[in-house]
Amino acid sequence: MTGPLRQTRGATTGWPGRLLRLEGLGLLALCTVLYPQTGLSWWWFAGLFLVPDLSFLAYVRGRPAGTLAYNLTHTEAGPMALGLAGLTVMPAALPFALIWGAHIGWDRMIGYGLKYTSSFDHTHLGPTGKAARSTG
């Protein structure tokens, strides 16, 4: 395959893609609305919001390592597990789960999905960065 079709191969496009972005907005809104109930300062929220993006540092070990690290820190399973722990056995974890979930929701809402090893710019929500510009 060549051209734009190749760029979106494996990506969710059209209405399903828009629904996934809407789900991201919902996750962001839910986590942001629940966060004040934890009693932790908004400074913590602001200061930790971008922490999951530190996973980018794994790309210095190569694309497979970077993709794995990014995807593990940008899937909803992590904040859900941490949130469950926060609700059951470790209440101090709940605000961090909400911050993490809000970050993932934000990323999804603006179109940043889970990465493919083929390129940093190829995600399950479609091409980003240079790949998106080249599909013009």
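Read on for a plain summary of the structure. Please read all numbers here as calculations on a predicted model, not as lab measurements. Numbering of residues begins from 1 in every chain and follows the order in which that chain's sequence is written. Totals for whole chains, interfaces and linings use all residues, but because this is a predicted model, local features are given only for residues with pLDDT of at least 70 and pairs of side-chain atoms are given and counted only at 80 or more. Side-chain metrics rest on all non-hydrogen atoms present in the structure, leaving aside hydrogens and water.

This part covers the sheet that holds strand β1 (residues 115-116). Pairing between strands requires that DSSP locate at least two bridges from one strand to the other. Only runs of H or I of at least four residues qualify as helices and only runs of E of at least two qualify as strands under DSSP, and these elements are numbered from the N terminus. Pairing within the open sheet is antiparallel, and its three strands lie in the order β1-β2-β3. Each of the sheet's edge strands pairs with one partner strand only, and the pair in question is β1 and β3 (126-127). In this structure, β1 lies alongside strand β2 (residues 119-123), joined through two bridges in antiparallel fashion. Paired with Lys115 across the two strands is Thr123, which belongs to β2.

By secondary structure assignment, the location of Lys115 is in strand β1. Three labels apply to residues, based on accessible area from a 1.4 Å probe with only protein chains included: buried if under 20% of the type maximum, exposed if over 50%, partly exposed otherwise in between. The charge count includes Lys and Arg as positive and Asp and Glu as negative, but it does not include His or the ends of the chains. The term salt bridge refers to a side-chain nitrogen of Lys or Arg lying within 4 Å of a carboxyl oxygen of Asp or Glu. Within the buried core, Lys115 has no salt-bridge partner, and the shortest N-O distance to an opposite charge, that of Asp121, equals 6.0 Å. Side-chain polar atoms of Lys115 contact the backbone oxygen of Phe120, separated by 3.4 Å. Not counting the four nearest positions on each side in its chain, Lys115 is found in contact with Tyr59, Thr67, Tyr70, Asn71, Phe120, His122, Thr123 and Thr128. Any N or O atom pair separated by 3.5 Å or less is treated as a polar contact, with the protein-specific requirement of one donor-capable and one acceptor-capable atom, and with residues adjacent in sequence counted only for side-chain atom pairs. In this description, contact between two residues means that some pair of their heavy atoms is separated by no more than 4.5 Å.

A pair of aromatic rings is counted whenever rings of Phe, Tyr or Trp (Trp by its six-membered ring) have centres within 6.5 Å, and the orientation is called stacked for planes under 30 degrees apart, edge-to-face for over 60 and tilted otherwise. For the structure on display, the rule yields nine aromatic pairs. Pairing Tyr70 with Phe120 gives two aromatic rings, centres 6.4 Å apart and planes at 75°, and the pair type is edge-to-face. Of this pair, Tyr70 sits in helix α4 (residues 63-73) while Phe120 sits in strand β2, placing them 50 residues apart in sequence. Taking relative accessible area as the criterion, Tyr70 reaches 2% and is therefore assigned buried. Residue Phe120 is classed as partly exposed on the basis of its relative accessible area of 31%. Through pairs of rings, three or more aromatic residues link up here, namely Tyr35, Trp42, Phe45 and Phe49. Charge over a ring is defined by NZ of Lys or CZ of Arg lying within 6 Å of the ring centre and within 35 degrees of the ring normal. Its guanidinium or amino end placed over the ring of Tyr70, Lys115 lies 4.8 Å from that ring's centre, counting from NZ or CZ. Directly above the aromatic system of Phe120 lies the positively charged group of Lys115, at a separation of 4.1 Å from the ring centroid.

Residues are called lining when one of their atoms sits within 4 Å of a cavity or pocket point, these points coming from a 1 Å grid over the protein atoms alone, where a cavity is a set in which a 1.4 Å probe fits but cannot get out and a pocket is an open set with protein on both sides within 12 Å along at least five of seven lines. Grid points are joined across faces, edges and corners, and a volume is the space filled by probe spheres set on the points. When its volume is computed, the largest pocket comes out at roughly 320 Å³. For the largest pocket, the lining is made up of 17 residues, of which Leu27, Cys31, Pro79, Met80 and Leu98 are closest to its centre. Within the residue set of the lining of the largest pocket, elements represented by two or more residues are α2 (14-34), α5 (77-88) and α6 (94-109). All amino acids are sorted into three groups, where Ala, Val, Leu, Ile, Met, Phe, Trp, Tyr, Cys and Pro are nonpolar, Asp, Glu, Lys and Arg are charged, and the leftover types, Gly among them, are polar. Residue classes in the lining of the largest pocket are distributed as 12 nonpolar, four polar and one charged.

Within a regular strand, side chains alternate between the sheet's two faces. Counting buried residues in β2 gives four out of five residues, a clear majority hidden from the surface. In sequence, β1 turns back onto β2 through a hairpin of two residues. As defined by bridge partners, β2 adjoins β3 across two bridges and the pair is classed as antiparallel. Bridge pairing in β3 places His122 opposite Pro127. The turn linking β2 back onto β3 is made up of two residues.

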